[in-house]
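Geometric and topological summary
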Amino acid sequence: MTVESLVFFFLAAFAVTTAVLMVVQRSPLVSAIYLIANFFALAALYLLLRAQLLAVLQIVVYTGAIMVLVVFVIMLLNLEEEGRVRTRIAIRTWITVVLAAGFLSEIVYVFFVAGTPAEGTTISAGAESLGTVESMGEALFGKFLLPFEITSLLLLTAILGAVVLAKRKG
Amino acid sequence: MMPRLLTGYAVLFPLLGFLFNGLIGRKIRNEGIIAAIGCAAVGAGFVVACMSFFSMLGLPPEQRTLSVDLFPWIVAGGFRADVAFQLDQLSVVMMLIVTGVGFLIHVYSAGYMRGDPAFWRFFAYLNLFIFSMLTLILADNFLLMFLGWEGVGLCSYLLIGFWYDRKFEKGTTGDAAKKAFIVNRIGDFGFLTGMFLIYVTFGSLRFQTVFTQAATMTVGTPVVLWITLALFLGATGKSAQIPLFVWLPDAMAGPTPVSALIHAATMVTAGVYMVARCSVLYALAPVSMGIVASVGAATAFFAATVGLVQNDIKKVLAYSTISQLGYMFLALGVGAFSAGIFHVMTHAFFKALLFLGSGAVIHAMHDEQDIRRMGGLGKSLPVTYRTFLVGAIAIAGIPPFSGFFSKDEILWDAFSHGSWVLWLAGFAGAGLTALYMFRLVALTFQGEPRWDKGVHPHEAPATMTIPLLVLALLSALGGFAGIPQSLGGGNAFEQWLEPVFAPAGEKLAFAATHGNVAEYVLMGLSVAVALAGWYVARIWYLRRKEIPGLLVRRLPNTYRVLLNKYYVDELYDGAVVRPALSGSELLLWKGIDVNVIDRAVNGAAQSTAAAGRVLRLIQTGVVRNYVLVFLAGVVLMMGWLLAK
Amino acid sequence: MEIPLSYYLCLSVVLFVVGVAGVLTRRNAIVVFMCIELMLNSVNLTLIAFSSFLGSITGQALVFFAMAVAAAEAAVGLAIVIAIYRNKRTVDIDKINILKW
């Protein structure tokens, strides 16, 4: 076992644990904290995959912006904890468990039984320079210039939409 | 080549005139400008036609056929139809008639239609008509010809119903227009069927291709019989022959220049032109030739008998037109194609003249059309009277006026190439023609005035009398273009058209019959019968006016049958129109439309609503259920992909 | 030992399924929203993994756009949650069933 694989397994275990904890927590605020922890683990995994810029963006955008917004809303609405699960487990929950298990097993089957492509064994040699700010910038302002500009429109629309929706009628 | 380029312009000018008057004519309050543009468009066409004619004269006869390909129109798979013109001896003659007579009638209309609120519309339609007619004449394939054929039908419809709110007989002029259009559609069915058969048989719709192939076929080929019969059905519709002639008398609902241009001089001869154009095909089908000749002879005779008793000045001329068209088909049916076209030309001159003269009379009498309330108009309308008389002499076939040469040629060919029965029908028709025409002259222009005191007839303005004078000149002298050999002439007209009809002539292979003693005898007889008709008309309608009344009392049933036009309209009404109407109402509307189609449409809507009432219960509004179903779909689809 | 691509993908699937389970079982709209964010991130992980292993920048560019969309979605989604809360005094999605027939 190399150091890298040790780091990977640790991060993977951390991510899965925080994710599960987020789902099972009854307090939305605690859930949000666990999700933030999960996002940090994912950012570290991005680094492991040599995606430096995205790792930074993951922390800045997700934990810094989106999750702060979520926490802000939770506190604004002053939500109480979800009520206890009702006396008997709804049939829907069972169906959910079955479907989720089926989904998981299907994908695991694809990767581990049906086989992995040859490229899937090692990270490609050029990956080191791939995730840098320089190469990402070249891609975004070159090949993906039009989508990039359209994204700004999307964000503008979202701002306007959010303002209109959240504004108190009156 | 000059004519190559020019031909396109001849068609283009009337189209431009139509577009100008049709699009912005309404904004132009000045009638002078509208009329000038309308006349100039057709006049330019006439100039082009003359130039084409003269440049063609300078060419040897075998080089006189010119093709003018403008642009491809429809190209689909192996099918191809071009907008292309074929200029040959036949189409140049038709072009001269259409643009020449058309120009005169345009000039006349400028005076006749003065003050009409829709002056611009009238000239737009007239130009559109000339455009369509030239397309019909000049087309080099059946499809383009059909376009022109439908175009002139449309213009006929628009112009018959030009005063669409005026009363006409039992309905409005709109009803007359619809009748003309629908009866023509029946003929068009024949034309279309013929066209389909031609395409299946020859694999092309180009005249040259079809006729070249046809020239190699043997006489009596069955499919050609069907083609020619179908095309002839189209011709009977457009050219008002038995059994589809019923629309032409009603077409008199339109303004008189329209009757002159469309329903006498040009459009109604389209059927004659079409049969003449397909002369090779007809030469291959002797049975069709026989039918064409018989229909023509029968129409010539029966229409003349109806014309005897009509009291509307335009109705008399309408039946006269049907009768004269019958002569043309008689000529075609006995293989005398150039004689038929010759009669088209002379008829265009004198019938346009007669109609325009009747228009001048109607104009002078303030829309009075009943000849029983006319009489003695010769004094007040000297120019109209004299020119009308020239037209009457010409149509009666009295030498040396134009009608004599063309009609006598037809009668002689009917006798020598057809049979004595055909000749006799034509001969009797000729006598009747003279009788009804001079009856019309006598009752309208001669004798004592029978109109109200308050009416003061006045001669028409110069724009109307000048065309009358020109047409009178043509009616008087036009016949000299085709003096037969037996009278010492060279029959220049026949020789001019000879190359066009040569392939058909080879199939028919007639022996030369000119210079026969019988020809002189028959010629003398037909002149005699025409003069007799004139004489009888003078006796009956000027000297001893009691005779017609006596005849009516003696033969009441015959009179009633003739007055009611052999009850053909009533027959068609009972046999076709009413069953079609009641069948449409009871079976198609209240039966199929209400019970089948409406129920199917409503049923589709109702079953959708019913299914929706059940299916909407699935929409619980609980978002998590939706997500669950969504996930189930994903799992199932992935499972299906993996299982494959 | 190099970590193969399939490990990353497997981790991503596990996170995704946890997110799905959260969406299906939780009733608080905001928690559901967070679960959706989790699913979105697991897909991002997949994209980056493929990008790195195949040596193509496209996957990472796509993640960039996904983040932008997620930011927009968060803004609008939370605004909707606030609007609903203002009207119904709850964010329990079982009690929000006005989409019914």
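It should be emphasised that the depicted structure is a prediction, and the values quoted were computed from it without experimental measurement.

Cut-offs applied
Residues numbered from 1 in each chain as written. Chains lettered and ligands numbered in written order. Predicted model: local features only at pLDDT ≥ 70, side-chain atom pairs only at ≥ 80, totals over all residues. Helix = DSSP H or I, 4+ residues; strand = E, 2+ residues; numbered from the N terminus. Contact = placed C-beta atoms within 7 Å. Buried ≥ 20, exposed ≤ 12 C-beta atoms within 10 Å, placed from the backbone. Nonpolar A, V, L, I, M, F, W, Y, C, P; charged D, E, K, R; others polar. Pairing = 2+ DSSP bridges. Expected span 1.5 Å × (residues − 1). pLDDT = per-residue confidence, 0-100. Axes fitted to C-alpha atoms, helices over the stretch in contact; angles between N-to-C directions. Left-handed = near helix turned anticlockwise from the far one by under 90°. Core = buried A, V, L, I, M, F, W, Y, C linked by C-beta atoms within 7 Å.

Time to look at the overall build of chain B. Of regular secondary structure, chain B possesses 25 helices and 4 strands. Across chain B, the fraction of contacts at a sequence separation of at least 24, relative to all contacts at a separation of at least 6, is 81%.

Take the overall build of chain A next. Helix and strand counts for chain A come out as 7 helices and 0 strands. Put simply, chain A has 170 residues, and 26% of those count as buried.

With that settled, consider the interface of chain C and chain A. Chain C puts 61 residues into the contact, and the matching count from chain A is 71 residues. Partitioned by chemical class, the residues of the side of chain C that touches chain A number 48 nonpolar, 9 polar and 4 charged.

With that settled, consider the environment of D569 of chain B. Secondary-structure assignment places D569 of chain B in helix α24 (residues 568-615). Taking the C-alpha atoms as reference points, D569 of chain B and W247 of chain B, 322 residues apart in sequence, are found 9.4 Å from one another.

We now examine the pairing of strand β1 (residues 66-76) of chain B. Residues and elements named next belong to chain B. Relative to strand β2 (residues 79-87), β1 runs antiparallel, the two being bridged by 9 bridges. Across the sheet, the residue bridging to F71 is V83, located in β2. Connecting the antiparallel pair β1 and β2 is a turn made up of 2 residues, with G77 showing a positive phi of about 60°.

Given a rise of 1.5 Å per residue, 21 residues ought to cover 30 Å, and the 30 Å separating the end C-alpha atoms of helix α1 (residues 5-25) of chain C matches this to within 8%. For α1 of chain C, a buried count of 17 out of 21 residues is recorded, marking the element as mostly surrounded by other parts of the structure.

Here we take up unusual backbone geometry. Among all residues save glycine, negative phi is the norm, and among peptide bonds the norm is trans. Residues and elements named next belong to chain B. Cis rather than trans, the peptide bond between I242 and P243 has omega equal to 5°. By the element assignment, P243 lies in the loop between α8 (222-238) and α9 (247-250). For the bond running from P399 to P400, omega is 0°, close enough to zero to count as cis. Structurally, P400 is set in the loop between α16 (382-396) and α17 (402-417). In this model, K565 sits at a positive phi of 55°, which is unusual for a non-glycine residue. Residues other than glycine seldom take positive phi values, yet Y566 does so here, at roughly 60°. Along the chain, Y566 falls in the loop between α23 (556-563) and α24.

Mean pLDDT over chain B stands at 89; residues scoring 70 or higher make up 98%. Overall fold confidence (pTM) sits at 0.71, and the ipTM for the predicted complex is 0.90.

Once that is clear, we can look at the packing of helix α15 (residues 337-364) of chain B against α16 of chain B. Residues and elements named next belong to chain B. Close contact between α15 and α16 brings their axes to 9 Å; oriented N to C, the two are set at 145°. As α15 runs across α16, the sense of the crossing is left-handed. Of the residues in α16, those touching α15 at F350, L353, L354, G357, A360 and V361 are T384, T387, F388, G391, A394 and I395. Grouping the amino acids of the contact of α15 with α16 by side-chain chemistry returns 8 nonpolar, 4 polar and no charged.

This next bit is on the nonpolar core. A general tendency of soluble globular proteins is for nonpolar side chains to be buried together. L134, V275, L330, A352 and L356 of chain B are the most contacted members of the largest nonpolar core, which has 212 residues in total. Ignoring sequence-local partners within four residues, the contact set of L356 of chain B consists of I105, Y108, A260, P467, L468 and L471 of chain B. In terms of nonpolar packing, the next biggest core, distinct from the first, is built from 78 residues, A100 of chain A together with M34, A49 and A68 of chain C among them.

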